[in-house]
Structure formats: C-alpha cells, structure tokens
Amino acid sequence: MSSTDFLQAKAEGRKVSMVTCYDYTFARLLSKSPIDAVLVGDSAAMVMHGHSSTLAASVDLMRLHTEAVARGAASKFIVADMPFLSFRKGPAAALDAASALMIAGAHAVKLEGVDGHEDVVQQLVQSGIPVMGHVGLQPQSVHAYGGFRVQGQTSDSAQNIARQACALQQLGAFAVVLECVPARLAHEISASLRVPTIGIGAGAGCDGQILVLQDLLGINTDFRPKFARHFLDGARCVLDTLARFDEAVKTGTFPASEESYS
Ligand code: KIV
C-alpha cells in the first residue's frame with residue numbers, strides 16, 4: 001500500500017485496515033498479516049512507556065519506535081505520528097521533525113488538527129511527505145478538553161470537525177483520522193470527502209478503521225474505551241502461559257532433556 005492506494009481504495013469502495021505498532025517483534029508479525037498499514041502512534045508514550053497522555057512523546061522517542069517498526073515491517077506502509085508541538089514551532093522545525101521520522105523509515109506522517117498550522121501541512125505535502133490528518137478527539141489537546149472526551153456532539157463542534165477534515169483534504173492530506181466522534185457525523189464527513197477517513201471510535205461509516213494493537217489483542221488491561229473491541233483475550237492467554245512456565249520451572253519439568261545441550 002502507498003499513500004495513493006488510500007485514494008484508490010476509497011474510489012473502489014475497499015475499507016482500509018490499520019493498527020498501531022511500536023516495536024520490532026510485533027512489526028514482524030504484522031508484516032505477515034493482511035493489515036493494510038501501520039501507525040507508529042504517539043500513543044507509544046502511554047502504551048509502551050506508561051504515561052497518562054501522549055504529551056510525553058518526543059521526536060527522538062518517535063524516531064526510535066519508527067526505526068524498530070521499519071526494521072520489522074519494511075513491506076508495510078508506515079505512518080509515524082508527529083508528536084506534541086513538533087509541528088507548532090513553524091515549518092522549519094516541523095520539516096526537521098518530519099525528516100527525522102521519514103529517515104527512520106516512515107512513509108508518511110500524521111499530525112493532529114489543522115487550524116494554525118495549515119502552512120506546515122502544505123509545506124510537508126509540497127516537500128513530498130504524505131500527510132495523514134487527525135481530527136475529532138485530538139489526544140495532544142487532552143488538557144484543553146479537560147479529559148479524553150467524545151467530540152462533535154454539539155452542532156458547532158460537529159461543523160468545526162467537518163470543516164477541519166475538509167481543510168486537510170484541500171491542503172493535500174491523503175487520509176484523515178476521525179477519533180471519537182458520533183457515528184453519524186463520521187459518516188457524513190466520509191461521504192463528503194474524496195480522501196478516505198480512518199475511524200477510531202467513529203462508527204462504521206468511515207472508509208477504514210484503526211485500533212491500538214494492544215487494545216485489539218486484549219493485553220492493555222488499564223484502558224477499555226467502548227470502541228476498543230478485544231479480538232483476543234490476550235491478557236488471559238499471557239497470564240495462563242506465564243503460570244504454565246512458572247509451574248514447569250517449579251515442578252522441574254522445564255527444561256526437558258531435548259531442551260538441554262549435551
Ligand atoms: O497515537 C495513536 O495511537 C493514534 C490513533 C489513536 C489514531 O493517533
């Protein structure tokens with residue numbers, strides 16, 4: 001998949017599947033899966049490093065995670081998140097940040113919002129860096145919202161989100177993430193855009209869906225938003241497996257002779 005394939009997929013009515021990934025081991029597995037594209041999300045700050053928000057992600061942290069994912073899933077289309085404020089210090093600083101992520105192995109960058117950094121989106125696109133937009137709940141603005149809250153529930157807020165999605169398309173974004181907005185609004189925005197929408201907590205009317213890998217595997221037990229379906233009871237599988245290892249060690253059945261060197 002490439003950034004132009006996103007447009008093609010929408011034109012042909014094919015849904016796009018995306019998951020987040022932050023490390024080499026899962027990237028290897030994803031490279032063998034049919035998943036269309038991978039996001040090295042700034043959610044790495046929460047999922048991999050235990051922070052309470054994404055604000056702790058830096059360009060350096062995102063570069064390290066992007067490098068690991070690119071080593072493991074070279075065949076996948078990799079989008080890397082531009083972290084908190086990295087695109088708000090003017091086009092030159094934003095180009096430096098995006099350049100670090102692209103050199104690390106990303107094929108595109110994603111950034112939250114559009115108001116006040118239209119010039120950055122345009123410069124990135126004109127520099128040959130595909131840009132994925134992100135509107136609705138923008139986790140980097142969690143403190144402005146007063147918490148992780150569904151957006152677009154009033155008519156003003158809904159119009160504002162639709163306007164931003166449209167602006168991103170006009171500025172050259174190849175896709176737009178819609179996070180935590182009412183399903184009806186996401187459906188309307190998706191129908192109005194030429195570029196695909198990728199939903200998370202935005203209902204079935206989006207042109208694609210993305211989930212945090214650890215959420216869909218059911219191994220992130222700290223956080224269970226309504227939209228994060230557990231496709232596997234991963235926490236149970238891991239805990240059962242660890243208990244089996246513990247028992248095998250303590251009863252002396254591990255390692256067996258065939259697991260030992262002569
Ligand atoms: O960082 C992330 O995981 C994201 C997704 C929620 C879209 O931006």
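Residues numbered from 1 in each chain as written. Predicted model: local features only at pLDDT ≥ 70, side-chain atom pairs only at ≥ 80, totals over all residues. Heavy atoms only, no water.

(A) View of the sheet that holds strand S5 (residues 131-136). Judged by pairing direction, the barrel is parallel, and its eight strands sit side by side in the order S1-S2-S3-S4-S5-S6-S7-S8 before closing back on the first. Averaged over all pairs of adjacent strands, the angle between strand axes in this sheet comes to 25°, irrespective of strand direction. Direction of pairing for strand S1 (residues 16-20) relative to strand S2 (residues 37-40): parallel, over a ladder of three bridges. Counted as the bridge partner of Met18 is Ala37 from S2. Packing of helix H4 (residues 59-72) onto the sheet brings it into contact with S2 and strand S3 (77-81), and relative to S2 it is tilted by some 155°. (Pairing = 2+ DSSP bridges. Helix = DSSP H or I, 4+ residues; strand = E, 2+ residues; numbered from the N terminus. Axes fitted to C-alpha atoms, helices over the stretch in contact; angles between N-to-C directions. Contact = heavy atoms within 4.5 Å.)

(B) Region of the structure containing the packing of aromatic side chains. Evaluated as defined, the whole model comprises four aromatic pairs. When the ring of Phe6 is compared with that of Phe77, the centres are 5.5 Å apart and the planes differ by 55°; the resulting orientation is tilted. With Phe6 in helix H1 (residues 3-11) and Phe77 in strand S3, this pair connects stretches of sequence that are 71 residues apart. Side by side, Phe6 and Phe77 carry an identical accessibility label, which is buried. On the basis of an interplanar angle of 90° and a centroid distance of 5.8 Å, the ring pair of Phe77 and Phe174 is categorised as edge-to-face. Note that Phe77 is positioned in strand S3 and Phe174 in the loop between helix H8 (155-171) and strand S6 (175-179), a separation of 97 residues in sequence. (Phe/Tyr/Trp six-rings, centres within 6.5 Å; stacked < 30°, edge-to-face > 60°. Buried < 20%, exposed > 50% of the residue type's maximum accessible area, 1.4 Å probe, protein only.)

(C) The arrangement of the site of the ligand in detail. Neighbouring the ligand are Thr20, Leu39, Gly41, Asp42, Ser43, Asp81, Lys110, His134, Glu179, Ile200 and Val212. Computed on the free molecule, the ligand has an accessible area of 260 Å², of which 95% lies beneath the protein chains in the complex. Across the shell around the ligand, the residue classes tally to three nonpolar, four polar and four charged. (Near = heavy atom within 4 Å. Areas by Shrake-Rupley, 256 points an atom, 1.4 Å probe, with all protein chains shown as cover. Nonpolar A, V, L, I, M, F, W, Y, C, P; charged D, E, K, R; others polar.)

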